[in-house]
Amino acid sequence: MKKKPIVCHHIINFASFITCILILRGFTFTSPGSFLKNNTTQVMDPPSTLEEEEEPMPEEFVLIEKTQQDGEIEQIIFSSGGDVDVYDLQALCDKVGWPRRPLSKLAAALKNSYMVATLHSVKKSPGSGTYVLRRSYLTEGNDQKKLIGLARATSDHAFNATIWDVLVDPSYQGQGLGKALVEKIVRALLQRDIGNISLFADSQVVEFYRNLGFEPDPEGIKGMFWYPR
Amino acid sequence: MGLVGVGSAAQSQILAVRSGYSSKFMELRWVRRKERSGSNLNLKPSISMIPIYISTNPSHINLQDLKQLYTSCNHSCHRFPKLDPKDGKVEEAVDIDKLSVALSHSPVLVSLFSRNLNLESSNQMLKNFMQRMMPVTPSNGQLVGFGRAVSDAGLTASIHDVMVIPSLRGMGIGRMIVKRIIRMLTSRDIYDIAALCSQEERLFFEACGFGDDILSSTTMMYTKNVATHDGGDHMVRRAGRKLLLVPPLREPWPYLKPISSKS
């Protein structure tokens, strides 16, 4: 709905006519793009050279392999960039005692995170035959694959990143798996020159992160959270 | 459409003037300049209300102007910037390419424009009058404030780089920017909003409704760098004034090759 400007009646010279045109143009907010002067640099398109390196490269490899006495082999597989089943994640969150969160929000958060690193345990029953070969970590029909660890980071892809939701199945804790997850994420972030890496640690894990190179309240920087009044 | 007074601190009053052409992206507002006794000899008494234009449209942001705003506000993208020891000024200018990438991955961008009303002489009365009648737009206004937020579109968000040029501080503009960011986030159902604050920024964010974590979590940042850790060969990355140590590459289990041979 356009409002007509009020122009003083007694100003009728050419200069005011031009000014009126300018005022009218000034009210056409529906096309803001037309107001960018030709010599302003256009924004918002990241240069194509950076585009290719933006996303962390998805990778997957075996972190640890253990052979049980009965010949069963268990592999802990690290993966980043793969899909995570939200139901598996929720089950894992239940195991570590975290409060439940809406599944749709969880799925959206995973999808829009800069990086999601996971650990899966794959147990290969003895006698499946092919496990001595290189491709043996591909799960086959009678293998059990279980999500046992996750960590994710959000970022603006350039300067800031925050690590959230670092968790490892209690029965697999104490083996350095959490450390592997966090180190991997930090490495991926630093390789993209993302230097402000932060996280919010519960009191019982502050030492854990300190050993990984994180410092509490560095130079007085604290995180604050919004509380609706 | 009328004048709506928004209750706020005694120092400043923000009146929302709803015009007929405000869309969800842009709003015209007025901000009252704080009255300072004895210092307004240069100011024309009539200029106490300043028009500002608040926009959440990314295309209103000119990268060069934004880079200049970072410099004017002495704000750095790095949390540990290199500072000139004499005057505390941030030494490095903002990398425009990285800034562009950061903006394109910040779902919430708020930019604030104003017009310089310190008009010179009364000879140009008519020109002043006409200029003042024209509304502030991103094209005829100057970028004076900014703020952005990064989010995962589901659970969490964090606010970064809120800044207002020094001459317009103390009038509630920064708070307006943060309020707008919060409004955009809560409209997308995100209520877990964090902000990393230095000591100087704490008071500001407290006034915006932020507080310490209710679950008493500890804020930590990765600061492992060459100065604090010695040791063998490490890859390093510069972040501001710190040379951060990159965690070593973890070799996959021996004898097995990874599926995708990256990293």
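Residues numbered from 1 in each chain as written. Chains lettered and ligands numbered in written order. Predicted model: local features only at pLDDT ≥ 70, side-chain atom pairs only at ≥ 80, totals over all residues. Heavy atoms only, no water.

With that settled, consider the overall build of chain B. Check the secondary structure of chain B and you find five helices and twelve strands. Here the contacts in chain B between residues at least 6 apart in sequence split such that 61% fall between residues at least 24 apart. Of the roughly 13400 Å² of accessible surface on chain B, 53% is carried by carbon and sulfur atoms. (Helix = DSSP H or I, 4+ residues; strand = E, 2+ residues; numbered from the N terminus. Contact = heavy atoms within 4.5 Å. Areas by Shrake-Rupley, 256 points an atom, 1.4 Å probe, with all protein chains shown as cover.)

Moving on, we get to helix α1 (residues 63–72) of chain B. Residue and element names in this part refer to chain B. Buried residues of α1: L63, L66, L69 and Y70, and no others. Each buried residue of α1 sits inside an arc of 115 degrees when the element is viewed along its axis, so together they form one side. Buried positions along α1 lie against α2 (96–104), β6 (142–151) and β7 (156–164). Of the residues that open α1, the one with a side-chain oxygen 2.8 Å from the backbone nitrogen of Q64 is N62. One or two steps after α1, the chain reaches N74, where phi turns positive at roughly 55 degrees. (Buried < 20%, exposed > 50% of the residue type's maximum accessible area, 1.4 Å probe, protein only. Arc of directions from axis to C-beta. Polar contact = N/O pair within 3.5 Å; in protein donor to acceptor, adjacent residues only side chain to side chain.)

This next bit is on the packing of aromatic side chains. Enumeration over the complete set of coordinates arrives at nine aromatic pairs over all chains. One aromatic cluster is present, formed by F208, Y209 and F214 of chain A together with Y222 of chain B through successive ring pairs. The side chain of K242 of chain B reaches across the aromatic face of F80 of chain B, ending 4.7 Å from its centre. (Phe/Tyr/Trp six-rings, centres within 6.5 Å; stacked < 30°, edge-to-face > 60°. Lys NZ or Arg CZ within 6 Å of the ring centre and 35° of its normal.)

Moving on, we get to the nonpolar core. Within the largest apolar cluster, 56 residues are counted, with the highest numbers of intra-cluster contacts made by L66, F146, I159, I173, F205 and F210 of chain B. Among the elements that line this core, the one with the most residues is helix α4 (residues 173–187) of chain B, at eight residues. Those residues in contact with L66 of chain B that lie beyond four places of it in its chain are I61, L99, L103, L143 and F146 of chain B. Grouped together as the second largest cluster of nonpolar side chains are 40 residues, I64, F78 and F214 of chain A together with A239 of chain B included. (Core = buried A, V, L, I, M, F, W, Y, C linked by side-chain atoms within 4.5 Å.)

The next thing to look at is the side chain of D165 of chain A. All names here are of chain A. With respect to the helices, strands and loops of the structure, D165 is situated in strand β5 (residues 160–168). A distance of 3.1 Å separates the side chain of D165 from the side chain of R101, its partner in a polar contact. Looking at D165, its side chain comes within polar contact range of the side chain of R152, at 2.8 Å. Beyond its immediate stretch of four places on either side in the chain, D165 contacts W98, R101, L150, A151 and R152.

On to the packing of helix α3 (residues 86–96) of chain A against helix α4 (residues 103–111) of chain A, then. All names here are of chain A. Viewed as axis vectors pointing N to C, α3 and α4 meet at an angle of 110 degrees, and their least axial separation amounts to 10 Å. When the axes of α3 and α4 are compared, the pair comes out roughly perpendicular. Contacts between α3 and α4 pair V86, Y87, L89 and Q90 from the former with L103, L106, A107 and L110 from the latter. Here the contact of α3 with α4 is built from residues that sort into seven nonpolar, one polar and no charged. (Axes fitted to C-alpha atoms, helices over the stretch in contact; angles between N-to-C directions. Parallel < 35°, antiparallel > 145°, perpendicular 65-115°, else oblique. Nonpolar A, V, L, I, M, F, W, Y, C, P; charged D, E, K, R; others polar.)

All names here are of chain B. Counted by the stated rule, this structure contains zero disulfides over all chains. Cysteine C197 shares no disulfide, and the gap to the nearest cysteine sulfur, in C208, comes to 9.3 Å. Residue classification places C208 among the buried residues on the basis of a relative accessible area of 11%. (Disulfide = S-S within 2.5 Å.)

Purely spatial values, then, with no claim about function.
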